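Per-entry structural report
Below are the chains, spelled out letter by letter.
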Amino acid sequence: MIVCQTRVLQHLKLRLSLQKQLVIVLIAVAVASHLPFLMSGPFFSDEAIYTYAGYAILRGTVPYAGITLPQPPLGYLLLAGEVGITNASLLLVREINFLIYLVGVIFVFRVLERISGRPITSFAGTLIFILFPPMLSYSFSAPLEFTYFVTLVFAALYFGLSDRRLCLFGSGIFSGLAIMVWYPGLLVLFALLGYLMTSRFVENVPWSKVLKKVGFVLSGLTVVLLGTLGVIALYWKAYPQFLSQSLGLQTSVRAGFSIAEKSYFITAYLQVFSPLVFLGSIGGLLAVLNAAYKRHLEELFLVFWFVIIFTLLVIVPKVLFPHYFWFLTPVLAYLAARPVVELTSALRRRLSIVKLIALLLLPVAVSVLVYSGASNYSTGPFSNSSFTADEQYVGHYVASITTVNQLIWTSEPSIAFYANRLIIPPNSTLWKLQGFFDDVFNTTFTDTAGFQHQGSNLVSPIQFEQSWDTKVRVLIFIRGSGPIPYPDAVLWNGTSAMPGVSGWVASHYSRVALLTFGGNPYAYEVWERS
């Protein structure tokens, strides 16, 4: 009996030792493959909008009441903390985001390991997730929909797969935090609760035990949601704006996508992720067969979790972009790794790590070829994006002709971030826009896929004139067309039904600079108060 217990303890120690070694390898691979690209991605679009919002909150702007936030508040508050800790250094902000991503990698590995029961399979899946090319920039430049969200989601799943009450309560906490970063966290929560309920029938778990588990998860969730809503309503006094901006903008205000447009973006996603989708389909079939043969509920849950959430993401939102699916990449990577591991095991009785890694590099290599055709305006490793450098120059120029307490206006928040200046929003009670695109006016616009939509009619040019009058020292208008659908041209020129601001600006401001840069399709026109 003692000998048997000793062997069990030795086996557990070896398993724990293997887990630690695999985690160290994964962290080392992530650092070696991602850090060289830390500054290669441009600082504009969503990342700049979210990071500037964190900066504005740090400067005292009230969320939702003083600045429009299209997502729940937690992600912006986390970014505000990052901006404060780093003294508004983009390099350091991205490094913190990368550290959060590394924590997410550990949770991904541990969740996949619990589900598979084989450390090597979960290691292979996590390795693909780390090395897949689109992840190289998203690990630090997409804090809300990817970095924070993936870490919180897989933390919720990790604790939710436990039987301990405190872990289940923690799972509810992390689920609530994920929801308060990005609303698709609700889909993850529903999937987790569905798994707990299904265990009643598959594993013959008593209803009392199932309901207790669900109760602990919902208790943790309730603490987060009530606490967050209490802050919004009682401290910020911005509950109506919160509902309109974070819910109404996504569900009723913004123009919805047609079936053709959704199909376009789904196709774009499938093209980039085609190697993983192909292998993942095989891995999903293997998982279903294994679940039917061995009644392995966890792996079956993973397959249906992916399929159901993917389907709901296609059906439910009015708008759909490829990056909406990217938080599912760890699951898809695990399913893609499964047939590779099975094939390697079949080729040799003892699993060869060298052969496994060689086979894993094949889908990664194919994805590199596929992804290379999709321009994301990133430069190579160990380099600074030219867009980032150009906007930094503009920001520093603006800072040289203004004081820190003077307000400026620009539609590109990265310029304000680099200038260490606040953007004045339009004179609107509900839509305090600071960094936005060309879909906010009452006119048609063409999106990045070439589809035409009617604008949201959130604000009008005259509301910008009203806010600029006597309050704003400098205006920066961006000319030209490129990767970002800036609203400046519509705001300046107007339409037949909506006069632009060009005449008003010319009578109140003087153009002091036109900044252009080689390789940059934009020109930055700086106007100073006369």
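These numbers come from a predicted model, not from an experiment. (Residues numbered from 1 in each chain as written. Predicted model: local features only at pLDDT ≥ 70, side-chain atom pairs only at ≥ 80, totals over all residues. Heavy atoms only, no water.)

1. Digging into the overall build of the chain
A tally of regular secondary structure across the chain gives 21 helices and eight strands. Looking at the 530 residues of the chain, the share that counts as buried comes to 54%. About 22500 Å² of surface is accessible on the chain, with carbon and sulfur atoms providing 65% of the total. (Helix = DSSP H or I, 4+ residues; strand = E, 2+ residues; numbered from the N terminus. Buried < 20%, exposed > 50% of the residue type's maximum accessible area, 1.4 Å probe, protein only. Areas by Shrake-Rupley, 256 points an atom, 1.4 Å probe, with all protein chains shown as cover.)

2. Details of a nonpolar patch on the surface
A contiguous nonpolar patch, built from Leu166, Phe169 and Val223 and spanning about 280 Å² of accessible area, is present on the exposed surface. With respect to the secondary-structure elements, Leu166 resides in helix α8 (residues 165-179). A relative accessible area of 63% places Leu166 in the exposed class. (Patch = residues over 30% accessible without salt bridge, like charges linked within 9 Å, V, L, I, M, F, W, Y side chains within 5 Å. Salt bridge = Lys/Arg side-chain N within 4 Å of Asp/Glu carboxyl O.)

3. Here we look at the sheet that holds strand β1 (residues 407-410)
One open sheet holds the four strands; their spatial order is β1-β4-β8-β7, and the pairing between them is mixed. Each edge of the open sheet carries a strand with a single partner, namely β1 and β7 (509-516). This sheet shows a mean twist of 20° between the axes of neighbouring strands, independent of strand direction. Relative to strand β8 (residues 523-529), β7 runs antiparallel, the two being bridged by seven bridges. Of the residues in β8, the one forming a bridge with Arg511 is Trp527. Along the sheet face, helix α17 (residues 386-400) touches β1, β4 (472-479), β7 and β8 and points at about 150° away from the line of β7. Where helix α19 (residues 461-468) meets the sheet, its contacts fall on β1, β4, β7 and β8, and the angle it forms with β4 comes to roughly 145°. (Pairing = 2+ DSSP bridges. Axes fitted to C-alpha atoms, helices over the stretch in contact; angles between N-to-C directions. Contact = heavy atoms within 4.5 Å.)

4. Re the packing of aromatic side chains
Aromatic ring pairs are defined here through the distance separating the ring centres and the angle between the ring planes. Tallied over the entire structure, the rule returns 48 aromatic pairs. Centroid distance Trp409 to Phe464: 6.0 Å. Interplanar angle 80°. Geometry classified as edge-to-face. Of the two residues, Trp409 sits in strand β1 while Phe464 sits in helix α19, which places them 55 residues apart along the sequence. Consider the rings of Trp409 and Phe477, whose centres lie 5.3 Å apart with planes at 45°: the pair is tilted. Pair noted here: Trp409 is in strand β1 and Phe477 is in strand β4, with a separation of 68 residues, a long-range link. Taken together, Trp409, Phe436, Phe441, Phe464, Trp468, Phe477, Trp492, Trp504, Tyr509 and Trp527 form an aromatic cluster joined through their ring pairs. Taking NZ or CZ as reference, Arg114 lies 4.2 Å from the ring centre of Tyr158, over its face. The ring centre of Trp492 lies 4.3 Å from the NZ or CZ of Arg479, which sits over that ring. (Phe/Tyr/Trp six-rings, centres within 6.5 Å; stacked < 30°, edge-to-face > 60°. Lys NZ or Arg CZ within 6 Å of the ring centre and 35° of its normal.)

5. Considering the nonpolar core
If you look at the biggest cluster of nonpolar residues, it comprises 164 residues, and the most contacted ones within it are Phe129, Trp305, Trp409, Trp468, Phe477 and Val505. For this core, the leading source of residues is helix α4 (residues 90-116), giving 12 residues. Here this core gathers at least three residues from each of two domains, domain 1 (23-371) and domain 2 (386-529). Leaving out residues up to four positions away in the same chain, Val505 has contacts with Trp468, Leu475, Phe477, Trp492 and Trp527. (Core = buried A, V, L, I, M, F, W, Y, C linked by side-chain atoms within 4.5 Å. Domains from an automatic or database assignment.)

6. Describing the environment of Pro426
Relative to the helices and strands, Pro426 is located in the loop between α18 (413-419) and β2 (444-446). Note on Pro426: relative accessible area 1%, which makes it buried. For Pro426 and Val459, which are 33 residues apart along the polypeptide, the C-alpha to C-alpha distance reads 7.5 Å. If we ignore the near neighbours within four places in the chain, the residues touching Pro426 are Trp431, Lys432, Leu433, Val459, Gln463, Phe464 and Ser467.

7. So, helix α7 (residues 143-160)
Of all bends in α7, the biggest is about 45°, found at Phe149. The buried fraction of α7 amounts to 17 of the 18 residues, a majority that puts the element mostly inside the structure. (Bend = angle between axes of the 7 residues up to and from the residue.)

8. Digging into the environment of Phe325
Structurally, Phe325 can be placed in the loop between α14 (297-315) and α15 (329-347). For Phe325, a relative accessible area of 0% gives the class buried. Expressed as a C-alpha distance, the spacing of Phe325 and Val314, which sit 11 residues apart in the sequence, is 9.3 Å. Sequence-distant contacts of Phe325, defined by excluding residues within four places in its chain, comprise Ile266, Tyr269, Phe310, Leu313, Val314 and Leu320.

9. A look at the packing of α4 against α7
Each pair of packed helices can be summarised by the angle the axes make with each other and by the distance between the axes. It is at 8 Å that the axes of α4 and α7 come closest, and there the two elements cross at 35°. By crossing handedness, the relation of α4 to α7 is classed as left-handed. Between α4 and α7, the contacting residues are Asn97, Ile100, Tyr101, Val103, Gly104, Phe107, Val108, Arg110, Val111 and Arg114 on the first element and Pro143, Phe146, Thr147, Tyr148, Val150, Thr151, Phe154, Ala155, Leu157, Tyr158 and Phe159 on the second. A class-by-class count of the residues in the contact of α4 with α7 yields 15 nonpolar, four polar and two charged. (Left-handed = near helix turned anticlockwise from the far one by under 90°. Nonpolar A, V, L, I, M, F, W, Y, C, P; charged D, E, K, R; others polar.)

10. Focus on the environment of Gly104
Mapped onto the elements of the fold, Gly104 is located in helix α4. C-alpha separation for the pair Gly104 and Val150, spaced 46 residues apart in sequence, amounts to 6.3 Å.

11. A word on the packing of helix α3 (residues 74-86) against α7
Running from N to C, α3 and α7 cross one another at 95°; their axes reach a closest spacing of 10 Å. Classified by the angle between their axes, α3 and α7 sit roughly perpendicular to one another. Contacts between α3 and α7 pair Leu74, Gly75, Tyr76, Leu78, Leu79 and Glu82 from the former with Pro143, Leu144, Tyr148 and Leu152 from the latter. Here the contact of α3 with α7 is composed, by residue class, of eight nonpolar, one polar and one charged. (Parallel < 35°, antiparallel > 145°, perpendicular 65-115°, else oblique.)

12. As for the confidence of the model for the chain
Counting all residues, the mean pLDDT for the chain is 85, and 87% of those residues have values of 70 or more. The low-confidence segment residues 369-375 (pLDDT under 50) makes eight contacts with residues lying over four places distant or belonging to another chain. (pLDDT = per-residue confidence, 0-100.)

13. Quick look at the side chain of Ser122
Summarising the element assignment, Ser122 is placed in helix α5 (residues 119-131). According to the relative accessible area criterion, Ser122 is buried, its value standing at 0%. With sequence-adjacent residues up to four places away left out, Ser122 is seen in contact with Phe109, Leu112, Glu113, Ser116 and Tyr334.

14. Regarding unusual backbone geometry
Here Ser45, not a glycine, exhibits a phi torsion of approximately 60°, which is positive. In this fold, Ser45 is placed in helix α2 (residues 45-58). On the accessibility criterion, Ser45 (22% relative accessible area) is partly exposed. Not every positive phi belongs to a glycine, and Asn87 is a case in point at roughly 60°. Mapping Asn87 onto the fold places it in the loop between α3 and α4.

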